[in-house]
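# Fold and geometry: a report
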Amino acid sequence: MSGNSAAPPVNNLYSRRREQMFPTLSQAQIERLAAHAGSIETRAGEVLVDPGHRHGKFYVVLSGTLEIVLPGTEGEVRVHALQPGEFTGELSTVTGTSGFVRIRVGEPGRALVMEGSQLAALIQTDAELSEILMRAFILRRMGLVESEPSEVTLIGSGHSAGTLHLREFLARNAFPYLNLDIDADPQVKTLLERLRIGVNEIPVVIRGDGRMLKNPGINEMAAFLEMNPDIDSSTLHDLVIVGAGPAGLSAAVYAASEGLDVLVLEAGAFGGQAGSSSKIENYLGFPTGISGQALAGRAFVQAEKFGARINVACQAERLNCERRPYSIALSDGRTVLSRTVIIATGAQYRELRIENLSRFVGAGIYYAATHLEAKLCDGEEVVVVGGGNSAGQAAVFLANRCRKVHMLVRSDGLAESMSSYLVRRIEESPVIALHSQTQLTALEGGDHLESIEWRSAQTGAEKRGIGHVFLMTGATPNTGWLHGCVALDEKNFVRTGPELKLRDLADAHWPLERAPYLLETSVPGIFAVGDARAGNVKRVASAVGEGSICIQFVHRILAELDATARLPSQGGTAAFQPARMTS
Ligand SMILES: Cc1cc2nc3c(=O)[nH]c(=O)nc-3n(C[C@H](O)[C@H](O)[C@H](O)COP(=O)(O)OP(=O)(O)OC[C@H]3O[C@@H](n4cnc5c(N)ncnc54)[C@H](O)[C@@H]3O)c2cc1C
């Protein structure tokens, strides 16, 4: 579509859920909002908000109209004209991150205006308005993700691991962008030539104002797209949570909803391992199952609604626990300070020892089986390696879309390592072939995986022309960044509470008379939850449970610190004493 078109973009969501996306507030609701807002005159044609800016302002139309417009490579598309009683905003307004639409005055009139921070405070206190606004904001973001035109364009190749990595990151963060694939559309090559971008420089990310970033990593891209709220290195937070998987997100929801100042640091996209699960069927309250991404997306919005600040593509490199407040060094050189810390960095899959494996990651080798990967191997033959629940789920999910699914397991069968409901489904599926006592041994291909070899104890080596392999082979904890700060077990999982041996506490010079709380590590005020914790049951429900329980203990620690700070002998500086000296 070109020019300033009045037609809505081709997007079912806009027509299906229009009323919830663009509701009209009642007079009483507008009056409640007005108590916290200013009011402005709006002049025809005036632009109130531009895409790609951290505007954070929220408007309610009192008279006249405001047009919501999506900028695209071929001109603007008008999404909606807001009438009196309707309001602007989407999730970025609450989080203070970069927005996606232009808001321009249509008919002149008046509007209420609020800063994003005032809006966030209102959402936390007014349940009725919170429900209406948050529902609209979530639906508007979903609409933007589905829409064709976007402020951000990603040009790449579906056969490149770099492109897939960026796409996966943007998709998992529900970030709207226009995807142009050089292999799927011949016109993309012409566009690249016009923009003087070499094929060797893709993937490339382009913003609406023409700025571009060639071949970026996710950290660079997140900064370029202003996806995160600002971090102030001098702020002393009540709590920093490292990791935004189910455990970290749950801790963030409970901590923020209970009034704590919470910062969350996430190395990749929110959702952790669960975010890569195509369907979680054993999480309480979802009898027909829920995709990990949908579950994590809801938790993310919930945490942000309560005021937690979540930073994605933001890796914790080192925890410094020698002194209080604790500090965490980030991989981009910044530092954050906190009175308490929750380690929620989970675990990651073990790599197989195949020489050229890393070459094919994202180009035939996958660690997740979501709709994104399934689309890449529609109707083809695939291999799933592993005998645990995640392997079983992947096989069952892929069996719906693929011609044949080969499951390779090292052991004699599945029963020991997998839930029986999955074992039954695999046995009953005509599409899934189970190969027990079988290991993947070799990979071959050019830019993309083309063939594989496996070795079976019964039938020996076999080469197959299969180009898609899903590795679901167990996990190791992400605890390297702790650098010996807290006691770990022999497999490097973090020991907490009753799991801590006397020896661990002696080695760590545990300074207090009380024993560590449940989920507290060998250092006071530092906790571990979820898959990174020794003895944890590797399930979404237990990660969520631990994240929420942990906040009770965080409150106790903060109260202990406040009480110590009030003691005359401590002179109000307890928060800055060496960790091992506070009691
Ligand atoms: C494909 C798959 C399917 C699954 N299906 C199910 C299921 O059906 N039911 C079920 O109950 N469980 C399932 N699980 C297991 C479940 O997902 C995990 O137990 C759960 O995600 C653990 O949550 P967590 O928050 O502790 O850790 P994770 O989910 O591992 O999240 C940890 C997060 O920390 C981040 N991180 C790591 N290091 C750093 C760092 N240094 N700085 C900042 N951030 C960091 C990671 O990027 C990650 O996002 C499945 C797992 C997978 C992989």
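For the structure, check the block above.
Report follows, based on the coordinates. (Residues numbered from 1 in each chain as written. Predicted model: local features only at pLDDT ≥ 70, side-chain atom pairs only at ≥ 80, totals over all residues. Heavy atoms only, no water.)

### Brief notes about the sheet that holds strand 25 (residues 460-464)
Sheet architecture is open: three strands sit in the order 23-24-25, paired in antiparallel fashion. The strands lining the two open edges of the sheet, one partner per strand, are strand 23 (438-445) and strand 25. Averaged over all pairs of adjacent strands, the angle between their axes in this sheet comes to 20 degrees, without regard to strand direction. (Pairing = 2+ DSSP bridges. Helix = DSSP H or I, 4+ residues; strand = E, 2+ residues; numbered from the N terminus. Axes fitted to C-alpha atoms, helices over the stretch in contact; angles between N-to-C directions.)

### Observations concerning the site of the ligand
What surrounds the ligand is a group of 34 residues, the closest being E266, Q273, Y349, Q393 and D531. Interatomic distance of 3.3 Å between a backbone N/O atom of R539 and an oxygen atom of the ligand. In isolation the ligand exposes 1,000 Å². Once the protein is present, 92% of that is buried. Mapped by element, the contributors of at least two residues to the shell around the ligand are helix 10 (246-257), strand 18 (347-349), helix 13 (389-399) and helix 16 (540-566). (Near = heavy atom within 4 Å. Polar contact = N/O pair within 3.5 Å; in protein donor to acceptor, adjacent residues only side chain to side chain. Areas by Shrake-Rupley, 256 points an atom, 1.4 Å probe, with all protein chains shown as cover.)

### Brief notes about the nonpolar core
Counting residues in each nonpolar core, the largest one holds 94 residues, and the members touching the most others are F137, F169 and I342. Ignoring anything within four residues of it in the chain, the contact list for F137 reads F58, F87, T88, G89, E90, L91, V94, L119 and I123. Ranked by size, the runner-up nonpolar core spans 27 residues in total, among them Y366, V382, V405 and L414. (Core = buried A, V, L, I, M, F, W, Y, C linked by side-chain atoms within 4.5 Å. Buried < 20%, exposed > 50% of the residue type's maximum accessible area, 1.4 Å probe, protein only. Contact = heavy atoms within 4.5 Å.)

### Examining unusual backbone geometry
With an omega of 5 degrees, the peptide bond between I202 and P203 qualifies as cis. With respect to the helices and strands, the residue P203 is situated in the loop between helix 8 (187-194) and strand 10 (204-207). The amide bond that connects R324 to the next residue, P325, takes the cis arrangement and shows omega of 0 degrees. Residue placement: P325 occurs in the loop between strand 15 (316-320) and strand 16 (326-330). Despite not being glycine, A313 shows a phi value in the positive range, around 50 degrees. Take A313: it is sitting in the loop between strand 14 (309-311) and strand 15. Phi angles above zero are rare outside glycine, and Q437 is one such case at about 50 degrees. As for its placement among the helices and strands, Q437 is situated in the loop between strand 22 (432-435) and strand 23.

### Regarding helix 11 (residues 292-305)
The first and last C-alpha atoms of helix 11 sit 20 Å apart over 14 residues, in line with the 20 Å expected at 1.5 Å per residue. Listed in full, the buried residues belonging to helix 11 are G292, L295, A296, G297, A299, F300, V301, A303 and E304. Buried residues along helix 11 sit in contact with helix 4 (91-95), helix 6 (127-146), helix 10, strand 14 and helix 16. Following helix 11 by one or two positions, G307 adopts a phi angle in the positive range, close to 105 degrees. (Expected span 1.5 Å × (residues − 1).)

### Focus on the pattern of salt bridges
For the structure on display, the rule yields 30 salt bridges. Across the salt bridge formed by R211 and D209, the nearest N and O atoms sit 2.9 Å from each other. Judged by its relative accessible area of 53%, D209 is exposed. Note that R514 is salt-bridged to E520, the shortest N-O span being 2.8 Å. Through salt bridges with shared partners, a single ionic network connects D50, E76, R102 and R104. (Salt bridge = Lys/Arg side-chain N within 4 Å of Asp/Glu carboxyl O.)

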